[in-house]
Amino acid sequence: MKCPYCNEDDTKVIDSRPADDNCSIRRRRQCERCGKRFTTYEKLETMPLMVIKKDNSRETYDRSKIESGVIRSCHKRPVSTQQIDSMIEDIENRIFNLEEKEVSTSVIGEMVMESLKDLDEVAYVRFASVYREFKDVNTFMEELGKLLKK
């Protein structure tokens, strides 16, 4: 593992322990050259997952795309980074538990909306407005009506 400070290849593991989710290992490392310490996470490699987009093109699964959408939805909301990470970890686990080689963006989007609805209703509406491409105020009001009925 390269040192992020000096790019030295020679680093040593000082401490290893299970991460919070028990699905990865947290390792504290120290650079042999500069002596600085840093943390790495080791995770089980899973089969590559392809995502089928709306235009039927395919690309490899990228967690950061879910993260950026959720973070934008939760901007200036009382939602902690830990809550977001936990929610994304749960969504990711559900995606991989489908045991499919390809998953459509609509399946992933619905999982994100379902989780956001439980986390923060304003963040849910923000995400839904972009994801469902609300065309006008009436479509937006219909979604709010559905939310209020529940």
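This structure is a prediction, so every number in the text was calculated from the model and none was measured.

The rules we used
- Every chain is numbered independently, its residues counted from 1 as its sequence is written.
- The predicted origin of the model limits local features to residues at a pLDDT of at least 70 and limits the giving and counting of side-chain atom pairs to 80 or more, whereas totals for whole chains, interfaces and linings rest on all residues.
- The side-chain quantities take in all heavy atoms of the structure and omit both hydrogens and water.
- Runs of E in the DSSP output that reach at least two residues are strands. Runs of H or I that reach at least four are helices, and both are numbered from the N terminus.
- Only the C-alpha atoms count toward the radius of gyration. The rule for a globule is 2.2 Å times the residue count to the power 0.38.
- Per-residue accessibility, obtained with a 1.4 Å probe over protein chains only, is compared with the maximum for each type, and a residue is labelled buried under 20%, exposed over 50%, and partly exposed between these values.
- It only takes one pair of heavy atoms within 4.5 Å for two residues to be counted as in contact.
- Here the Shrake-Rupley method, with its probe set to 1.4 Å, supplies the accessible areas, and only the displayed protein chains count as covering residues.
- Residues counted as positive are Lys and Arg, residues counted as negative are Asp and Glu, and His and the chain ends are not counted.
- By convention, the point assigned to a charge is CZ for Arg, NZ for Lys, CD for Glu and CG for Asp.
- Stacked, edge-to-face and tilted are the three classes for Phe, Tyr and Trp ring pairs, Trp counted by its six-membered ring, which pair at centre distances within 6.5 Å; planes under 30 degrees apart are stacked, over 60 edge-to-face, the rest tilted.
- Consider the ring centre and the ring normal. A charge sits over the ring if Lys NZ or Arg CZ is within 6 Å of that centre and within 35 degrees of that normal.

Broken down by element type, the protein chain carries five helices and six strands. From first element to last, N terminus to C terminus, the protein chain shows the α and β order β-β-β-β-β-α-α-β-α-α-α. The C-alpha atoms of the protein chain give 19 Å as radius of gyration, which overshoots the globular expectation for 150 residues (15 Å, by more than 25%). When each of the 150 residues of the protein chain is scored for burial, the buried share is 31%. Contacts in the protein chain between residues at least 24 apart in sequence constitute 42% of all its contacts with a sequence separation of at least 6. Counting every atom, the protein chain has about 10300 Å² of accessible surface; 48% of that belongs to carbon and sulfur. Computing the positive centroid from 28 side-chain charges and the negative centroid from 29, the protein chain places the two 4 Å apart.

As a further point, take the packing of aromatic side chains. According to the stated counting rule, one finds one aromatic pair in the structure shown. Here the aromatic rings of Tyr-61 and Phe-96 are separated by 5.6 Å at their centres, their planes lie at 80 degrees, and the arrangement is edge-to-face. Residue Tyr-61 is found in the loop between strand S5 (58-60) and helix H1 (63-73), and its partner Phe-96 is found in helix H2 (residues 81-97); the two are separated by 35 residues along the sequence. Above the plane of the ring of Tyr-5 lies Lys-36, whose end atom (NZ or CZ) is 5.0 Å from the centre.

You will see that Asn-7, though not glycine, has its phi angle at about 65 degrees, which is positive. On the secondary structure map, Asn-7 appears in the segment before strand S1 (11-18). Classification of Asn-7 by relative accessible area gives exposed; the value is 53%. Despite not being glycine, Asn-56 shows a phi value in the positive range, around 70 degrees.

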